[in-house]
Amino acid sequence: MKRETKLAHYGRMAMPGPANPPIVRASTILHDTVGSYRATKAARETDDAVLSYGRRGTTTAHQLAAAVCDLEGGDACFLFPTGVAAVAGGLTPYLSAGDHLLVVDTIFPATRSYCETVLRRQGVEVDYFPWDTTDLAGWARPNTRMVMVESPASQTFEVMDLPALCRDAHDRGLIVAADNTYGSGWLYRPLELGCDLSIVAGTKYIGGHADAMMGAVVARGAVVDALRRHTATTGQTLGPDDAYACLRGLRTLGLRLERHDANGLALAIWFKGRPEVTEVLHPGLPGHPGAEIWARDATGCNGLFSVLFRDGFDAEGFIDRLALFSVGSSWGGFESLAMPASGDAGRLFPAEGRGGPMIRFHAGLEHVDDLIDDLDASFGRA
Ligand SMILES: *Cc1c(COP(=O)(O)O)cnc(C)c1O
């Protein structure tokens with residue numbers, strides 16, 4: 001069955017019944033016999049969709065987890081209240097004091113912060129490697145356990161060669177986790193490319209309407225058991241209201257991403273023709289670092305891109321004059337956003353020539369002509 005058809009059918013209930021799974025709110029699940037209670041507790045250890053207690057998620061979260069698991073091509077999926085909680089939940093089960101973790105230098109800043117604070121305090125050694133690494137010789141050590149990647153890179157969108165990196169990491173016995181928030185289970189499938197874990201902030205495109213938080217860790221193969229135990233032991237789940245919002249968002253995930261992709265690429269190309277601009281960072285533009293890998297491994301782009309301007313350009317004034325682009329954290333909703341960015345800030349291997357002002361844009365679902373008129377007017381009033 002095609003993925004578009006699956007999006008419309010995930011979580012389908014017995015008929016007659018609601019088209020979208022309802023919000024099931026529960027802490028306690030009642031049984032009429034001790035035998036039934038015991039059987040349920042035993043069953044949930046191997047079946048993640050057993051309704052046993054609110055801390056293990058209710059039916060709403062189970063339906064969403066099954067859908068995200070299928071989209072990502074995993075064996076199991078566990079849900080978390082935010083994307084950052086999912087990043088923590090995807091790393092912690094595999095790392096103990098004395099272990100060494102390798103992280104791509106272009107990682108999402110909050111992931112870096114988790115590694116630098118919590119993991120280091122717990123005695124995990126952390127090193128950062130450049131995004132174009134495919135051979136971990138010189139980086140891996142005898143105590144290296146795991147590699148954390150993100151492709152395309154946060155804010156600057158360099159594309160990693162995940163198949164090559166995963167082959168090398170697996171030859172060394174390492175677990176590879178990928179932050180797949182950019183691809184959101186639709187544009188890119190890290191598990192198919194060789195990763196063991198795919199982590200998605202559903203807050204972004206899966207929810208898709210800037211009104212829900214969610215994180216998912218999807219796992220394949222031998223890493224599943226430790227993740228299942230850790231998630232249960234640490235009491236992680238997703239509340240039913242956000243699970244419902246994300247299930248509803250999923251129905252239009254493919255459709256929305258088509259428009260975000262078309263709008264984002266059109267705006268990126270438009271910016272390239274402006275004299276104020278020195279560089280446009282978008283994985284769909286020819287010549288962008290890793291664009292040919294993205295064309296090979298992904299099925300499209302989302303609405304994100306960054307623009308670098310000439311020294312002295314008033315980026316904040318430009319943003320403030322925009323009417324259709326707002327300023328705000330996060331992305332992946334229907335709305336257009338513009339944020340002052342410094343893509344290489346805090347990185348150990350910054351790219352050349354990124355010193356000038358930079359704006360990270362998210363192209364929303366508006367008509368692209370209106371977005372271009374808005375940008376043009378802001379340049380005009382500079
Ligand atoms: C937003 C984001 C996260 C974190 O998601 P939250 O739901 O905001 O915690 C993680 N990784 C990437 C790449 C993100 O963009």
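Residues numbered from 1 in each chain as written. Predicted model: local features only at pLDDT ≥ 70, side-chain atom pairs only at ≥ 80, totals over all residues. Heavy atoms only, no water.

Draft legend 1. Here's a closer look at the domain arrangement of the protein chain. Domain assignment breaks the protein chain into domain 1 (3–250) and domain 2 (253–380). Computed over C-alpha atoms only, the centres of domain 1 and domain 2 are separated by 27 Å. Taken together, the 39 residues of domain 1 in the interface contact 41 residues of domain 2. The contact between domain 1 and domain 2 buries some 3,200 Å² in all, and 61% of this surface belongs to carbon and sulfur atoms. Linking domain 1 to domain 2 there are two salt bridges. (Domains from an automatic or database assignment. Contact = heavy atoms within 4.5 Å. Buried area = accessible area lost by both parts, 1.4 Å probe. Salt bridge = Lys/Arg side-chain N within 4 Å of Asp/Glu carboxyl O.)

Draft legend 2. How the structure looks around the sheet that holds strand S1 (residues 76–80). Read across the open sheet, the seven strands follow the order S1-S7-S6-S5-S4-S2-S3; overall the sheet is mixed. In this open sheet, the two strands that pair with only one neighbour each are S1 and strand S3 (125–129). Adjacent strand axes in the sheet meet at a mean angle of 20° when their direction is disregarded. As paired elements, strand S2 (residues 100–104) and strand S4 (residues 144–150) share four bridges and run parallel to each other. (Pairing = 2+ DSSP bridges. Helix = DSSP H or I, 4+ residues; strand = E, 2+ residues; numbered from the N terminus. Axes fitted to C-alpha atoms, helices over the stretch in contact; angles between N-to-C directions.)

Draft legend 3. How the structure looks around the sheet that holds strand S11 (residues 358–362). One open sheet holds the four strands; their spatial order is S8-S9-S11-S10, and the pairing between them is antiparallel. The sheet terminates laterally at strand S8 (277–281) and strand S10 (337–341), the two strands that pair on one side only. Neighbour to neighbour, the strand axes of the sheet diverge by 25° on average, direction disregarded. Where S8 and strand S9 (residues 304–309) come together, four bridges link them in antiparallel fashion. Counterpart to Val 280 in the pairing with S9 is Val 307.

Draft legend 4. Geometry of the site of the ligand. Looking at the ligand, the residues that line it are Thr 82, Gly 83, Val 84, Phe 108, Glu 150, Asp 179, Thr 181, Ala 201, Thr 203, Lys 204, Met 213 and Trp 331. At 2.9 Å, a backbone N or O of Val 84 approaches an oxygen atom of the ligand. Here Asp 179 contributes a side-chain N or O atom positioned 2.7 Å from a nitrogen atom of the ligand. Protein contact buries 90% of the 380 Å² of open area that the ligand shows by itself. Within the shell around the ligand, the residues separate by chemical class into five nonpolar, four polar and three charged. (Near = heavy atom within 4 Å. Polar contact = N/O pair within 3.5 Å; in protein donor to acceptor, adjacent residues only side chain to side chain. Areas by Shrake-Rupley, 256 points an atom, 1.4 Å probe, with all protein chains shown as cover. Nonpolar A, V, L, I, M, F, W, Y, C, P; charged D, E, K, R; others polar.)

Draft legend 5. Structural view of the packing of helix H3 (residues 59–72) against helix H8 (residues 240–250). The N-to-C vectors of H3 and H8 enclose an angle of 40°; their axes lie 8 Å apart at closest approach. When the axis of H3 is compared with that of H8, the two are oblique. Considering only the axes of H3 and H8, their crossing is left-handed. Across from Thr 60, Ala 61, Gln 63, Leu 64, Ala 67 and Leu 71 in H3, the residues of H8 making contact are Pro 240, Ala 243, Tyr 244, Cys 246, Leu 247 and Leu 250. Per-class residue counts for the contact of H3 with H8 are 10 nonpolar, two polar and no charged. (Parallel < 35°, antiparallel > 145°, perpendicular 65-115°, else oblique. Left-handed = near helix turned anticlockwise from the far one by under 90°.)

Draft legend 6. Seen up close, the packing of helix H4 (residues 83–91) against helix H5 (residues 109–121). At a minimum axis separation of 10 Å, H4 and H5 run at an interaxial angle of 50°. Relative to H5, the element H4 lies oblique. For the pair H4 and H5, the sense of crossing is right-handed. Of the residues in H5, those touching H4 at Val 84, Val 87, Ala 88 and Leu 91 are Ala 110, Thr 111, Tyr 114, Cys 115 and Leu 119. Of the residues belonging to the contact of H4 with H5, the class tally is eight nonpolar, one polar and no charged.

Draft legend 7. Geometry of H3. In this model H3 runs 20 Å from its N-terminal to its C-terminal C-alpha over 14 residues, within 8% of the 20 Å that 1.5 Å per residue would give. Among the 14 residues that make up H3, 11 are buried, leaving the element largely enclosed by the rest of the structure. Among the residues making up H3, those that are buried are Thr 60, Ala 61, His 62, Gln 63, Leu 64, Ala 65, Ala 67, Val 68, Cys 69, Leu 71 and Glu 72. The secondary structure elements touched by the buried residues of H3 are helix H1 (3–9), S1, strand S6 (197–201), strand S7 (215–219), H8 and helix H9 (253–272). Positive backbone phi, approximately 75°, marks Gly 73, located one or two places after H3. (Expected span 1.5 Å × (residues − 1). Buried < 20%, exposed > 50% of the residue type's maximum accessible area, 1.4 Å probe, protein only.)

Draft legend 8. The arrangement of the pattern of salt bridges in detail. Under the criterion given, the structure shown has 20 salt bridges. The salt bridge involving Asp 297 is made with Arg 296; its shortest N-O contact spans 2.8 Å. Take Arg 296: its relative accessible area is 48%, and that puts it in the partly exposed class. The network of salt bridges with shared partners includes Glu 158, Asp 344, Arg 347 and Arg 354.

Draft legend 9. Examining the nonpolar core more closely. Counting residues in each nonpolar core, the largest one holds 89 residues, and the members touching the most others are Leu 64, Leu 91, Leu 101, Val 147, Leu 197 and Leu 250. No other element matches the seven residues that H3 contributes to this core. Shared between two domains, this core holds at least three residues of each, these being domain 1 (3–250) and domain 2 (253–380). If you look at the next biggest cluster of nonpolar residues, it comprises 23 residues, including Leu 267, Val 277, Phe 309 and Ala 363. (Core = buried A, V, L, I, M, F, W, Y, C linked by side-chain atoms within 4.5 Å.)

Draft legend 10. Structural view of the packing of aromatic side chains. Tallied over the entire structure, the rule returns 20 aromatic pairs. Consider the rings of Phe 271 and Phe 361, whose centres lie 4.9 Å apart with planes at 35°: the pair is tilted. Taken together, the residues Phe 271 in helix H9 and Phe 361 in strand S11 connect sequence positions 90 residues apart. For the pair Phe 271 and Phe 361, one class covers both residues: buried. Ring geometry for Phe 271 and Phe 379: centres 6.1 Å apart, planes at 70°, overall edge-to-face. One end of the pair, Phe 271, is in helix H9; the other, Phe 379, is in helix H12 (residues 368–380), with 108 residues separating them in the sequence. (Phe/Tyr/Trp six-rings, centres within 6.5 Å; stacked < 30°, edge-to-face > 60°.)

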